[in-house]
Amino acid sequence: MSKDEWLETAFLFVCIGLLWFLILGCQGAFIRVILYASIAVLLWIAWRRWRRFSEALKEYRQEKDETFGPLPPRLRGGGR
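These remarks concern the structure in this document. Residue positions are given per chain, counting from 1 as you read along its sequence in written order. Local features are withheld for residues below a pLDDT of 70 in this predicted model, meaning they are given only at 70 or higher, and side-chain atom pairs are given and counted only at 80 or more; totals for whole chains, interfaces and linings count all residues. In computing side-chain values, all of the structure's heavy atoms are included and hydrogens and water are not.

**Focus: the pattern of salt bridges**
Side-chain pairs of opposite charge can arise where the charged atoms are in close proximity.
Then step 1. Salt bridge criterion: a side-chain nitrogen from Lys or Arg within 4 Å of a carboxyl oxygen from Asp or Glu. A complete count under the given rule lists five salt bridges for this structure.
Then step 2. Across the salt bridge formed by Glu5 and Arg52, the nearest N and O atoms sit 3.4 Å from each other. Here Arg52 lies in helix H2 (residues 29–67) and Glu5 lies in helix H1 (residues 3–23), a separation of 47 residues in the sequence.
Then step 3. Between buried and exposed lies partly exposed: a residue is buried under 20% and exposed over 50% of the maximum accessible area for its type, with that area taken using a 1.4 Å probe on protein chains only. Look at Glu5 and you get partly exposed, because its relative accessible area is 21%.
Then step 4. A salt bridge links Glu8 to Arg48, with the nearest nitrogen and oxygen atoms 2.6 Å apart. Here the residue Glu8 occupies a position in helix H1, and Arg48 occupies one in helix H2, the gap between them amounting to 40 residues.
Then step 5. A residue is classified by how much of its surface remains accessible, and Glu8, at 4% relative accessible area, is buried.
Then step 6. Bridged by salt links that share partners, the residues Asp4, Glu5, Glu8, Arg48, Arg49 and Arg52 form one connected network. Labels follow the DSSP assignment, with helices taken as runs of H or I lasting at least four residues and strands as runs of E lasting at least two, numbered in each case from the N terminus.

What follows is the structure in structure tokens.
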């Protein structure tokens with residue numbers, strides 16, 4: 001994992017920890033501002049991770065297509 005991924009993961013856990021303030025009833029204005037601001041950062045993290053996942057999936061499919069490409073014409077016969 002890269003340094004960015006570690007920071008993203010740490011931020012996810014911090015956000016989960018911040019939810020406990022709401023669960024336990026501490027609903028101050030400062031906590032609400034932090035939670036609303038964290039939503040934007042969480043969406044940004046989700047977008048980055050989705051993009052990385054899509055790139056990895058595309059690379060996997062290209063690699064699979066190269067490895068298991070179409071059969072040569074002599075092996076594509078009708079089974080006679």
